[in-house]
Amino acid sequence: MPETLLLNGETIISGICIGKAYIYRKISSMVSRKKLKTSEIYGEIKRYEKALNKVKNQIISEAKRVKVEIGTEQAEIIESHILITDDPFFKEEVPRMIEKQELNAEKVILDGLGVFIDAFQKMEDPYMRERGKDIEDVALRIIRVLSNSEEYGKLYNIRGILVAQELKPSMVTNLNPRLIKGIITEFGGETSHAVILAKSLNIPLLINVKNATTLINQNDTLIIDGLSSQVVVNPDQHILNNYREKLKEYRSKLKTIEKTKSLHSVTKDGTKILLMANIDMPGDTDSAIKYGAEGVGLFRTELPFIIENRILSEEEQFKLYRDVIKKMKDKIVTIRTLDIGGDKFLPFSETIETKMANPFLSLRSVRISILKPDVFRVQIRAILRASIFGKTRILIPLISSYEEMEKIFNIIDEEKANLEKSGIPYDRKIERGIMIEVPSAAILADQLIKRCDFFSIGTNDLIQYTLAVDRTDESVAEFYVPESPAVLRLISYTAKAAIKEDKPCAVCGELAGNPIFTPFFIGVGIRELSMEPNLIPQVKLLIRECSISDVESFAEEVLSMRKADRIREAFREFCKKYELLLL
């Protein structure tokens with residue numbers, strides 16, 4: 001019997017699934033070199049042009065299907081590939097090199113692509129690296145057509161778990177959502193175009209599983225445990241039976257959680273906790289509504305810019321924000337202004353001339369908005385104009401000082417005055433809040449809250465900056481500890497500062513959707529949590545099992561603890577003690 005292996009990865013979509021492995025191999029390893037006779041060159045160029053047109057028509061067809069089955073925003077990712085087929089590399093360079101080198105089209109594309117992609121991968125801007133991956137995807141599609149590969153047809157019929165080095169948009173659009181059980185990749189990022197598309201499949205997805213295509217063989221039995229971010233390869237019968245029971249239990253819990261959608265998010269003793277959704281695109285509001293979100297606690301506005309590969313105009317942004325606000329009707333929509341830099345770069349990053357040795361500690365987020373305010377002003381005008389369609393809040397990221405907040409609020413006030421002069425309506429009572437993401441802001445919370453209307457704690461960055469750990473660096477991953485007493489004390493201090501001024505304090509980072517942390521957050525006085533929409537029902541179920549007196553005592557006990565491992569244990573013990581349902 002094959003040896004059982006346990007592989008670790010990063011969960012993008014949680015869940016449990018069991019199935020046979022389908023290993024997806026790169027076509028590049030199968031391309032041969034063929035020297036052409038002079039008389040064959042014209043025919044080879046025509047064969048290539050026919051393949052290019054076929055791929056373009058395939059992409060057009062897929063974009064139409066994705067628009068109907070998934071949504072407009074996802075279709076725009078596919079539509080961007082149509083433009084790539086018109087790139088000079090494909091339209092001019094490849095035919096020219098076929099003639100010059102007297103080589104078959106597959107080999108010419110592959111050789112040219114190698115140089116092209118290498119140049120993209122050396123770029124510091126993650127957006128440009130992603131663009132290189134899109135070009136590679138189109139190129140490999142053309143090679144597959146030229147090689148008469150049936151790989152895409154096989155993708156549609158996979159009934160198990162796809163294992164690949166890296167997920168490509170074209171792979172996702174060729175999967176059958178009714179058959180595919182899960183996806184494992186060796187590389188990838190949460191904001192890659194392929195991963196954005198894959199989220200719509202709503203199946204377990206693990207990325208960054210090292211050497212997956214080498215360690216896993218075709219038709220191996222696999223278990224994806226998205227709850228622990230692990231893959232079990234060739235489990236023995238005992239493990240397999242155990243996971244079959246876990247899968248039954250997981251599905252049963254999902255059904256229980258499903259029933260909470262129509263229930264109110266209140267504690268046992270009647271305290272209301274507002275559960276809201278984090279979204280990236282207007283289409284995400286469908287999911288927010290589906291899972292019972294009571295508003296949008298965080299609209300991350302970067303992705304529409306990334307997909308369009310340009311700065312959006314005021315009118316385009318206005319329509320995006322208006323659509324979200326109207327879709328959420330009378331519910332709160334919190335729009336975060338552009339948070340660029342760090343691990344998020346946009347098409348206009350080249351306008352920032354600073355060489356950043358450490359992007360997380362350099363020119364990013366609100367600092368860019370202050371130093372280069374033109375893009376920020378356009379966004380603020382768009383948000384203000386859209387605010388007349390419903391309850392809207394402006395959220396400013398990465399504030400680290402009172403001076404920064406003052407400067408950015410002054411710009412907002414100036415744009416309000418400009419709209420007034422032009423007779424353009426906006427909600428004059430629109431609220432302005434700031435994200436608490438760095439220790440300096442948390443320490444100054446009692447002063448900052450006097451000038452703003454609400455806080456929203458971004459736990460991802462707060463942990464990173466408090467513990468001096470780059471959350472994207474695997475070599476220091478063990479030091480990224482959400483249960484750190486220092487982090488929890490800063491959260492408590494921030495919440496109490498807001499409570500004293502009778503203003504809301506929300507949590508919108510990853511921890512907001514982690515039910516293990518829910519009792520602590522409520523215990524320190526937080527009454528708003530914003531998370532990925534599908535996590536709302538489970539957090540709601542936990543809230544309905546809690547009483548304020550119990551969680552306040554629990555939070556006080558946790559804040560007296562010195563060690564993160566003891567706090568982690570206490571979180572688990574509390575949930576077990578009160579029989580709180582955890583997946």
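Let me begin by describing the structure that accompanies this report. (Residues numbered from 1 in each chain as written. Predicted model: local features only at pLDDT ≥ 70, side-chain atom pairs only at ≥ 80, totals over all residues. Heavy atoms only, no water.)

1. Here's the deal with empty space enclosed by the protein
Next, step 1: Tallied over the full model, the rule gives three cavities of 30 Å³ or more.
Next, step 2: One number sums up the size of the second largest cavity: a volume of about 100 Å³.
Next, step 3: Taken together, 16 residues line the second largest cavity, and the ones lying closest to its centre are Glu166, Leu167, Gly188, Ser192 and Ala194.
Next, step 4: At the level of secondary structure, the elements contributing two or more residues to the lining of the second largest cavity comprise helix H5 (126–146), helix H8 (193–198) and strand E6 (205–207).
Next, step 5: Ranked by the residues each element gives to the lining of the second largest cavity, the list is headed by H5, at three residues.
Next, step 6: Looking at the lining of the second largest cavity residue by residue, the classes come out as seven nonpolar, four polar and five charged. (1 Å grid on protein atoms, 1.4 Å probe; cavity = no way out; pocket = protein on both sides within 12 Å on 5 of 7 lines; lining within 4 Å. Points joined across faces, edges and corners; volume = space filled by probe spheres on them. Helix = DSSP H or I, 4+ residues; strand = E, 2+ residues; numbered from the N terminus. Nonpolar A, V, L, I, M, F, W, Y, C, P; charged D, E, K, R; others polar.)

2. With respect to the pairing of strand E14 (residues 454–457)
Next, step 1: Of the two faces of E14, the one holding Phe454 and Ser456 and the one holding Phe455 and Ile457 are both buried throughout.
Next, step 2: Judged from the four bridges that link them, strand E13 (residues 431–436) and E14 form a sheet pairing that is parallel. Residue pairing in the sheet places Gly433 in a bridge with Phe454 of E14.
Next, step 3: Here E14 pairs with strand E15 (residues 505–507) via three bridges, running parallel. (Buried < 20%, exposed > 50% of the residue type's maximum accessible area, 1.4 Å probe, protein only. Pairing = 2+ DSSP bridges.)

3. With respect to the sheet that holds strand E4 (residues 161–164)
Next, step 1: Strand order in the open sheet formed by eight strands is E1-E8-E7-E3-E4-E5-E6-E2, and the pairing between neighbours is mixed. Strands with a single pairing partner mark the edges of an open sheet, and in this sheet they are strand E1 (5–8) and strand E2 (10–13). Going across the sheet, the axis of each strand differs from the next one's by a mean of 25°, ignoring polarity.
Next, step 2: Of the pairings in the sheet, the one linking E4 to strand E5 (residues 182–185) comprises four bridges and is parallel in character. Following the sheet pairing, Leu162 is matched in E5 by Ile183. (Axes fitted to C-alpha atoms, helices over the stretch in contact; angles between N-to-C directions.)

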